[in-house]
Amino acid sequence: MTTLSDPPRGAFRLSMLINDTRYRSYTFQFIALVIVIAIFGYLGSNLMANLRAAGLNISYGFLGQSSNYDINQTLIEYSSRSTHWRAAMVGILNTMLVAFLACITATIIGVLAGVLRLSPNWIVRKLMAGYVEAFRNVPVLIWIIIIFTIMTAVLPAPNAFRGDNPTASMLFGAFAFTNRGLYLPAPVWGPGSLIVALVFVASIIGVFVYRRYATKLLYDTGKLLPMGWPSLVILFVPTLLVFFVLGRPISLDYPELKGFNFQGGIQVLGSLIALWWALAIYTGAFIAENVRAGIQSVSKGQAEAAASLGMRPNRIMNLVVLPQALRVIIPPLISNYLNITKNSSLAIVVGYMDITGTLGGITLNQTGRAIEAILLLMLFYLLISLAISGLMNVYNNAVRLKER
Amino acid sequence: MKKSVILGTLTVAGLAAGAAGAATLDDVKARGKLNCGVVTGLVGFGAPDANGEWQGFDVGVCRAIAAAVLGDPTAVEFIPTTAKTRFTALASGEIDVLARNTTWTFSRDVDLKFDFVGVNYYDGQGYMVPKALGVSSAKELDGATVCIQTGTTTELNLADYFRKNNMSYQPVPIETNAEAQQQYLAGACDVYTTDASGLAATRAAFENPGDHVVLPEIISKEPLGPLVRHGDNDWGDVVRWTFYALVAAEEYGITSANIEELSAGTDNPEINRILGTEDNLGAMLGLDAGWAKNAIAAGGNYGELFEKNIGENTPIGLSRGLNAQWTDGGLMYAPPFR
Amino acid sequence: MSDTHQQSIGYVRDSMLPETAPPLGEAGAIKWARANLFSSVANGILTLVALFTIYLLISAVLPWILNGIWEAPSIRACREILDGATGGCFAVLTERWNQLLFGFKYPSDIYWRPTLAFVLLFVAIAPVLFRKVFPAQMLVFTALYPFVAYYLIWGGSILIPIFALLGFVVGYLVYSRFVAQSFAAGFFGGIVAALLFWYVTGFLPVEGILALEEVPSRDMGGFMLNLILGTVCVSLSIPFGIALALGRQSDMPIIKWICVVFIEFIRGVPLITLLFVANVVLAYFLPPGTNFDLILRVIIMITMFASAYIAEVIRGGLAALPNGQYEAGDSLGLDYAQKMRLIILPQALKISIPGIVNVAVGLFKDTTLVSVISMFDLVGMIRGPILASTEWNGVYWELLSFAALLFFVVCYGISQYSQWLERELQTDHR
């Protein structure tokens, strides 16, 4: 059979490279490869010529030099004597921090808004539609600037907390909302605090064990144990007991107005808050649309079937609709996370020192090593993106409908 | 529209082949326009006014160079650059000269391969605080929150100063001067630091300038000046001597008011040489004999430029200080024209 | 029977009662409110919270707008007029209106040209957007529009856009002459012919023939710059996006990998870093002495950025087509180019249109990022020259809300269109 359908194998002629479909693809690929190499060669030779003409060179030596500038938020130890490389690391961690916070907040906002957009309540529905449209149709840059302006222009300066008749006061005497950021109490770990922490971790495990036991009991015997309040009891009571028995080893360090600023406690920078919330609210609008689409993708019959089984609306949502909707929601959700990470590079507008601000900003300006710095910057974002999309593929494979 | 871009690209690529390798002076003459890199907006030094005309001290230097080379002070293309883009713009040839209050430092001169042709403003970094804070010296700023414009030498000076005095501070880096003002006025930072001239300009724009004081400490030397690419010495000479012509003009009393009268010929050979009525200095630079005359006529001599843009009668109100002529105890000193 | 009944039994009603209105609680606004707003306690609380939020928003914004000052030379004069009352200083908008829309360097006596180009944009785009309403002949104007717009906005000799147009005509003629033999021959022949034509006409003297005043692209600014960047980059990126998508679907491994690497690289980095490249680095990669305008460099980078995203949208469209379409094409004996051109792409592109529109909206919003690299687009004008000026130092809300409003109007309009189109396409697809 095969011998019949195979065309006769003639001798190879040069014209077959163009006319014969078996060989033509090689020709095209060869041409494409040559063009790509030519383009890169051309750009590279231009680069070399330009650098030679300007007397410059490509060198990453600047990364080892002392940076000589300070950064206002450092998650790892850093001073102006540290190297540029260290400054870049600080920037990377700051990028991760703001992206992480914004992703979580955006998810919460987005899910809430998405569910509320389908609420039977007309006015809430319209309000949420207004939120989604307002944020989806205005550039994120403008939102970042607006929220940053709100932060700096509306919130009081630390000065306002001063004097006999302060115009602003701290919330519960512990939280201070200022235009330099939020000051909150920091825990002070005294002796014995380790035990408290361990007990708390053990309680968390205990809660999971209890819930698993309750579920098993329900499936085996049909006996329904209460879930809510026992979990809370297991979570808090032992920890609190130990805490008081040991004589309150963990205390709080309250922020206090001293000199120019609040001292003590934890300061969350104003620029971090502005960027975090701008990204969260902006992306939340996109997530809300995904959530709505996901929920609507679950056919109505599923919810009706669950209702006819006598399930309550909350349970229908949690047990029937959401698990099915998640398959539709998660992939765009992850690409929204990716967008948050990439949009966090706009930190430069509010003066938050992320990687674009340190490596792509001050370091670049001080050393003048534009090519090297921007190359590293792109490499970093590329790695993050590849990591996140790798995760997405793993997830997609895991939740793919198992068709039997 | 898309097609036109393709065409534009093609034409540009076609032009490029011919233009490569020529010297800057010839480029500028062939183009008929000077590409001058300026600040994106700092009142007094370089900012577009309500009609979109660029005004300012650095802008005046650009116009003088254009007048010297091309005979027309308006033949300038002002290219706004940020702290980040200014050096690449110059290195890549996008601009011919950078007049953007840029500090002359060793690494910029040597490592980045630029030539600073002179100093048109001797500056230093200072601090501005609200009067209500009751601070009278920078030594009292321990623990303060400080607003800085990123991408300048001010960040480095600030870090050095606080480290030297063993004080702590919190930097708030900000992109543009306008945003720095906003932050400072809202109290998001206690102190605003930048070059003293910039502080004066910023303070002048406030609603109540009297509520703010500039602290007496000047923590750094900031010689600001125009710069060109390293290696093109002919072009560097043109820019250098155009600038010195402005300085010398003030010294010898040549102003935009009396320049016509003086160029008819005077008893002072130095003035005659500058104005091109004796010895053709312009030809040595590859310019007309009247190059310096044009440069001075463009916006006046150094003193006139100063008074018009940043002097005591302007809202910025800077006194001459170090920038007075050497005859008045300042540092402005033009080498002899001969 | 009935008669007797009627007469004999007095309590039987002999006529229908008129319908009474439903009880007050079950009709009209109240019923609607009960069903929609207060169906349960939780819902009631939500309603109250929502109403309160709306009240807060309105009470903050309304007096600010109603009390706004529209005529004042500076913020100080404006504050004097307000005299402590709440109100916006919208005078900055009237005062700097032209700067906000056109930037501060576009010559003011020829504002009519970009305005006319903007109006014509609607005429050009209408037959594309609403195929059923407008006659197909109008597409001729759409094809001419890029050249007209270039002539209007940039000015210069009319011969430049005409030659550009003729180049395309020449390319098309060559293409249609050879396409019957082989698509590749026609396609590449057309490109070569067009390039050759442009190269030759490049030597002709064109200056001053029916010339409008020339405006260098460096002088573009304000909202006009956003619109130019948006339209140019989107329309340029569609052909590149199609090519990339086809390349990524291709069987040829090298071509496939080139496309994959390009797409994933561009999609993996933020636009701002690409703009940094355009601004700071790209000049090093061009031949020594070349000088691209910043706006041209930015257009190149944004177009690359947009093509990668559009390629992914179109790939989605290609993947959504049932395999039978490909097989049908093969079984008809069509070659690759014919199959794609006649069967696959028309359908795939139709499915992808809503996605492309979404990318376009996102891209248009992202054009504001050019303000970070010292270009004076709408946001750049606000952050730079206007807020830095002594007169208007401190009018944030008025300017920012104006910018937000402009973008909202455009983007909301486009996304409404996209949703309409999605519905329209759905009916004839399923």
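See above for the structure.
Participant: Would you mind going over the overall build of chain A in detail, with residue names and values included?
Facilitator: Along the backbone of chain A there are 14 helices and seven strands. In summary, chain A has a C-alpha radius of gyration of 29 Å against a globular reference of 22 Å for 404 residues, an excess of more than 25%. Referenced to the eigenvectors of the C-alpha coordinate spread, the extents of chain A come out at roughly 95 × 70 × 45 Å. Per-residue burial for chain A yields a buried fraction of 44% across its 404 residues. For chain A, contacts bridging at least 24 residues in sequence account for 65% of all contacts bridging at least 6. Looking at chain A as shown, the accessible area adds up to about 21,400 Å², and 68% of this sits on carbon and sulfur atoms. Distance from the positive charge centre (29 side chains) to the negative charge centre (14 side chains) of chain A: 7 Å.

Participant: Please provide a residue-by-residue account of the interface of chain C and chain B, values included.
Facilitator: Between chain C and chain B, the residue contacts involve 48 residues of the former and 42 residues of the latter. Put simply, Arg297(C) and Glu94(B) hold a salt bridge, and the shortest N to O gap is 2.9 Å. Counting across the interface, chain C meets chain B through one residue pair in polar contact (both at pLDDT 80 or more). With six residues, the top contributor of residues to the side of chain C that touches chain B is helix α8 (residues 139-154) of chain C. Tallied by class, the residues present in the side of chain C that touches chain B amount to 30 nonpolar, ten polar and eight charged.

Participant: Which residues make up the interface of chain C and chain A, and what values do they have?
Facilitator: Counting residues at the interface gives 52 residues for chain C and 51 residues for chain A. Here chain C meets chain A over a buried area of about 4,700 Å², counting both sides, of which 77% is carbon and sulfur. Considering only the side of chain C, the residues that lose the most area to chain A are Tyr284(C), Phe285(C) and Lys365(C), jointly responsible for 14% of the buried surface there. At the surface where chain C touches chain A, the tally comes to eleven residue pairs in polar contact (both at pLDDT 80 or more). Of all the elements in the fold, those that place two or more residues in the side of chain C that touches chain A are α2 (28-36), α3 (41-66), α12 (253-268), α13 (271-285), α17 (378-388) and α18 (396-429) of chain C. Among the residues forming the side of chain C that touches chain A, the class breakdown is 39 nonpolar, nine polar and four charged.

Participant: Now, about unusual backbone geometry: what can you tell me, with residues and values included?
Facilitator: A positive phi angle, close to 65 degrees, is found at Asn68(A), a residue other than glycine. A positive phi is found at Asn166(B), a non-glycine position, where the angle reads about 55 degrees. Its location among the elements puts Asn166(B) in the loop between α6 (154-164) and β10 (169-174).

Quick notes on the rules
Residues numbered from 1 in each chain as written. Chains lettered and ligands numbered in written order. Predicted model: local features only at pLDDT ≥ 70, side-chain atom pairs only at ≥ 80, totals over all residues. Heavy atoms only, no water. Helix = DSSP H or I, 4+ residues; strand = E, 2+ residues; numbered from the N terminus. Rg over C-alpha atoms; globule rule 2.2 N^0.38 Å. Buried < 20%, exposed > 50% of the residue type's maximum accessible area, 1.4 Å probe, protein only. Contact = heavy atoms within 4.5 Å. Areas by Shrake-Rupley, 256 points an atom, 1.4 Å probe, with all protein chains shown as cover. Lys, Arg positive; Asp, Glu negative; His and termini not counted. Charge placed at Lys NZ, Arg CZ, Asp CG, Glu CD. Salt bridge = Lys/Arg side-chain N within 4 Å of Asp/Glu carboxyl O. Polar contact = N/O pair within 3.5 Å; in protein donor to acceptor, adjacent residues only side chain to side chain. Nonpolar A, V, L, I, M, F, W, Y, C, P; charged D, E, K, R; others polar. Buried area = accessible area lost by both parts, 1.4 Å probe.

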